[in-house]
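# Architecture and fold: a report
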Amino acid sequence: MAERHDPLRGACKDFEQDLILYYYQDCAGIERRRVESHLVSCASCRRFLEELQSLLPATVKSDEPSPAFWQSYSREIRARLVTADEKSRWWDAISFPFRPWPVPAVATALVLAVALTLTFTKGRWPFHQTPPQERELVEMASVTDNLDFFNSFDFLDSMDLLEAVEGKEMQKSETSHQPL
Amino acid sequence: MVSSRPEESGDEELVTSAQRGERQAFEVLVDRYKQKAYRIAFDFTRDREEAKDLSQEAFLQAFSHLKGFDRRASFYTWFYRILVNLCLDYRRRRGRISWESLDERTEKGNGLDKIANPAPSPDQQAMGEELSRRIGAALATLPPKQRAVFLLKNHQGLSISEIATVMKAAEGTIKAHLHRAVMALRQRLTELA
Ligand SMILES: [Zn+2]
């Protein structure tokens, strides 16, 4: 196979990626055998592999915090979870009437009530004045609109979580990922 | 319901209990994965306080979204994805942070282990710190996906297929990112040498 060398300190271009995977022991079967048999005859690739062996472990910077750190970590996260839990229970409690299934049920009941009221009290409300039930409907619609607004924040939150990894904001020069 | 010793329960059992509102079950999951989570966050931030905050934020996000966890992946894979997303997002939120000053802060403030030698002389220590700063700066210049793949491979020891699962990308794409990341690091560090 023709060997093109990297001017920096060459490995054969055709083997570069496999040599990196070989270094990480993430290359098996035919690929592994292909790399190993090439290494026997190519000094440049052997040098490249040695370079990886000295360079890459040096990039790891580990940290071993003390037991006191972990105790404080546990205390903090427990406190944050309690706060999050209380907030979520409180939100569940106040948003209960506006959840997906009660909304149509309440709306239907109200519409029915308004229809019946209008049928049986026709003419008793001046045309320009909104009957109380309709005012309730308008208020209800406004509350559910607001709720949708807040829900859309939740949705954006989830989308952010799921899509951040796709690096939408990342550099355009990068090759785009193919989803699995 | 979690067994009488929740810390002996499996992740699935704990998730089920936590989804039913048993916060204590989730706390067991936190205890189980906090060190791994912290180390991942530390790899991305190279800063102790930031790593603590980010990993805790990931647990909080997981807790808030637990009802939406559909078990198509294991809890850890799902959580890992949240954490990595936050780590990637962290860099975007912080903008161009000074990795050199972070390194300095972490090393001086926390007495971290040094890269090259377990008991270095002052000269070796200074060289180790200098190398660490250079490496931090070189890592910071990598495009985010390359950096994430590199850290998950080189620091976390995940296989290419595990990284592909976490990052929802094809294995070929992950290999290409890793290749580019290693070559870019090699070039930067050679230039600096
Ligand atoms: Zn070669």
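Quick caveat, the model's predicted, so the values are computed rather than measured.

## Here we look at a nonpolar patch on the surface
Residue and element names in this part refer to chain A.
- A cluster of nonpolar side chains, namely Trp90, Trp91 and Ile94, defines an oily patch on the protein surface of about 320 Å² accessible area.
- With respect to the helices and strands, Trp90 occurs in helix α4 (residues 67-95).
- Assessed through its relative accessible area of 55%, Trp90 is described here as exposed.

## Details of the nonpolar core
- Within the largest apolar cluster, 85 residues are counted, with the highest numbers of intra-cluster contacts made by Phe26, Phe59, Phe75, Phe79, Phe150 and Leu178 of chain B.
- Among all residues touching Phe75 of chain B, those that are not within four sequence positions of it are Asp11, Val15, Phe26, Leu29, Tyr33, Leu66 and Phe69 of chain B.

## Observations regarding the packing of aromatic side chains
All names here are of chain B.
- Applying the stated rule across the entire model yields 17 aromatic pairs over all chains.
- Taking 4.7 Å as the distance between ring centres and 25° as the angle between the ring planes, the aromatic pair formed by Tyr33 and Tyr76 counts as stacked. Within this pair, whereas Tyr33 is found in helix α2 (residues 23-45), its partner Tyr76 is found in helix α4 (residues 75-94), the two being separated by 43 residues in sequence. Grouping residues by exposure puts Tyr33 and Tyr76 together as buried.
- Chaining the aromatic ring pairs together yields one cluster made of Phe26, Tyr33, Phe59, Phe63, Phe69, Phe75, Tyr76, Trp78, Phe79 and Tyr80.
- Taking NZ or CZ as reference, Lys36 lies 4.9 Å from the ring centre of Tyr76, over its face.

## Details of the coordination of the zinc ion
- Around the zinc ion, the donor atoms from the protein are Cys12 of chain A (SG), His38 of chain A (NE2), Cys42 of chain A (SG) and Cys45 of chain A (SG), and they sit 2.0 to 2.3 Å away.
- Expressed as a motif, the donor residue spacing for the zinc ion is C-x25-H-x3-C-x2-C.

## Concerning the environment of His177 of chain B
- Within the secondary structure, His177 of chain B sits in helix α9 (residues 171-192).
- Between the C-alpha atom of His177 of chain B and that of Val149 of chain B, which follows or precedes it by 28 residues, the distance is 6.6 Å.

## A few points about the packing of helix α1 (residues 13-23) of chain A against helix α2 (residues 29-41) of chain A
All names here are of chain A.
- For the pair α1 and α2, the least separation of the axes is 10 Å and the interaxial angle reads 110°. One way to sum up the angle between α1 and α2 is to call them roughly perpendicular. Seen from α1, the contacting residues are Asp14, Phe15, Asp18, Leu19 and Tyr22; seen from α2, they are Glu31, Arg32, Arg34, Val35, Glu36, His38 and Leu39.
- Within the contact of α1 with α2, the residues separate by chemical class into five nonpolar, one polar and six charged.

## Some details on the packing of α2 of chain B against helix α3 (residues 48-64) of chain B
Residue and element names in this part refer to chain B.
- Between α2 and α3, the least distance of the axes is 8 Å, while the angle of their chain directions is 140°. As judged from the angle between their axes, α2 and α3 are oblique. Taken as a pair, α2 and α3 cross one another with a handedness that is right-handed. For the pair formed by α2 and α3, the contact residues are Arg23, Phe26, Leu29, Val30, Tyr33, Lys34, Ala37, Tyr38, Ala41, Phe42 and Thr45 on the first element and Arg48, Glu50, Ala51, Lys52, Leu54, Ser55, Phe59, Ala62 and Phe63 on the second.
- Considered class by class, the residues forming the contact of α2 with α3 number 13 nonpolar, two polar and five charged.

How each quantity is defined
Residues numbered from 1 in each chain as written. Chains lettered and ligands numbered in written order. Predicted model: local features only at pLDDT ≥ 70, side-chain atom pairs only at ≥ 80, totals over all residues. Heavy atoms only, no water. Patch = residues over 30% accessible without salt bridge, like charges linked within 9 Å, V, L, I, M, F, W, Y side chains within 5 Å. Areas by Shrake-Rupley, 256 points an atom, 1.4 Å probe, with all protein chains shown as cover. Salt bridge = Lys/Arg side-chain N within 4 Å of Asp/Glu carboxyl O. Helix = DSSP H or I, 4+ residues; strand = E, 2+ residues; numbered from the N terminus. Buried < 20%, exposed > 50% of the residue type's maximum accessible area, 1.4 Å probe, protein only. Core = buried A, V, L, I, M, F, W, Y, C linked by side-chain atoms within 4.5 Å. Contact = heavy atoms within 4.5 Å. Phe/Tyr/Trp six-rings, centres within 6.5 Å; stacked < 30°, edge-to-face > 60°. Lys NZ or Arg CZ within 6 Å of the ring centre and 35° of its normal. Donors = N, O, S within 2.8 Å, 3.2 Å for Na, K, Ca; no water. Axes fitted to C-alpha atoms, helices over the stretch in contact; angles between N-to-C directions. Parallel < 35°, antiparallel > 145°, perpendicular 65-115°, else oblique. Nonpolar A, V, L, I, M, F, W, Y, C, P; charged D, E, K, R; others polar. Left-handed = near helix turned anticlockwise from the far one by under 90°.

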